[in-house]
Amino acid sequence: MADSFSKKENFKKKIQKQKEKALRREERKTNNNKGAEDVFMYVDEFGRLTSTPPEQRQEVNLDDIQLGAAPIIEEDPRKTGIVTFLSEKGYGFITEDNNKENIFFHNNNCAEPVKKGNKVSFEKEKSPKGFSAVEIQLVK
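Residues numbered from 1 in each chain as written. Predicted model: local features only at pLDDT ≥ 70, side-chain atom pairs only at ≥ 80, totals over all residues. Heavy atoms only, no water.

Comments concerning the UniProt feature "domain: CSD" (unreviewed entry) in the chain
- Mapped onto this structure's residue numbering, the UniProt feature "domain: CSD" (unreviewed entry) falls at residues 78–138.
- Along residues 78–138 the backbone is 0% helical and 62% strand, and the end-to-end C-alpha distance reaches 12 Å. (UniProt positions renumbered as here; feature names shortened; annotations may be inferred. Helix = DSSP H or I, 4+ residues; strand = E, 2+ residues; numbered from the N terminus.)

Digging into the side chain of Asp44
- Counting through the fold element by element, Asp44 comes out in the loop between strand 1 (42–43) and strand 2 (49–50).
- A polar side-chain atom of Asp44 sits 2.7 Å from the main-chain amide nitrogen of Arg48. (Polar contact = N/O pair within 3.5 Å; in protein donor to acceptor, adjacent residues only side chain to side chain.)

A few points about a positive patch on the surface
- On the surface, a cluster of positive charge is contributed by Lys21, Arg24, Arg25, Arg28 and Lys29.
- One can find Lys29 in helix 1 (residues 5–30).
- Judged by relative accessible area, Lys29 falls into the exposed class, the value being 58%. (Patch = residues over 30% accessible without salt bridge, like charges linked within 9 Å, V, L, I, M, F, W, Y side chains within 5 Å. Areas by Shrake-Rupley, 256 points an atom, 1.4 Å probe, with all protein chains shown as cover. Salt bridge = Lys/Arg side-chain N within 4 Å of Asp/Glu carboxyl O. Lys, Arg positive; Asp, Glu negative; His and termini not counted. Charge placed at Lys NZ, Arg CZ, Asp CG, Glu CD. Buried < 20%, exposed > 50% of the residue type's maximum accessible area, 1.4 Å probe, protein only.)

Remarks on the packing of aromatic side chains
- Evaluation of the coordinates by the stated rule reveals four aromatic pairs.
- A ring pair is formed by Phe85 and Phe93, whose centres lie 6.2 Å apart and whose planes are at 40 degrees; its orientation type is tilted.
- Looking at Phe85, the relative accessible area reads 38%, which means it is partly exposed.
- Exposure remark for Phe93: the relative accessible area of 30% places this residue in the partly exposed category.
- Between Phe93 and Phe104, the aromatic rings sit 5.8 Å apart at their centres with planes inclined by 70 degrees, giving edge-to-face as the arrangement. In this pair, Phe93 sits in strand 4 (residues 91–96) while Phe104 sits in strand 5 (residues 102–106), placing the two residues eleven residues apart along the sequence.
- For Phe104, a relative accessible area of 33% gives the class partly exposed.
- If you follow Lys124 out to its NZ or CZ, it ends over the ring of Phe131, 4.4 Å from the centre.
- Across from the ring centre of Phe131, 5.0 Å away, lies the NZ or CZ of Lys126, which sits over that ring. (Phe/Tyr/Trp six-rings, centres within 6.5 Å; stacked < 30°, edge-to-face > 60°. Lys NZ or Arg CZ within 6 Å of the ring centre and 35° of its normal.)

See the structure below:
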């Protein structure tokens with residue numbers, strides 16, 4: 001059977017639209033400007049991206065980079081303080097000079113007899129109930 005005139009016209013229009021669409025697609029491909037600009041980014045000292053280069057570059061010494069936890073600074077085991085409380089039963093408290101912490105002591109740990117208000121030097125020792133002072137000596 002023969003096609004009607006309108007069917008032939010519609011078919012020609014459809015073919016023409018496909019050709020135009022293919023031409024537009026090719027034109028977009030050839031004239032594509034996306035990404036054509038060379039964009040160069042820098043990272044500033046705060047980790048943000050910037051388009052301006054840094055003024056000067058700081059050299060980093062690899063030996064200065066510390067990996068892991070910070071080193072523990074060894075403190076002097078000998079501390080000083082003042083006897084603030086003394087009981088007749090043989091115990092008392094020493095107030096440390098640097099942090100004003102009260103530390104328990106017993107007369108058995110004293111090299112010499114101490115009185116309230118005496119300046120003493122001692123070493124801290126961990127006991128079951130907290131810190132206690134041992135090797136207590138009068139400071140003159």
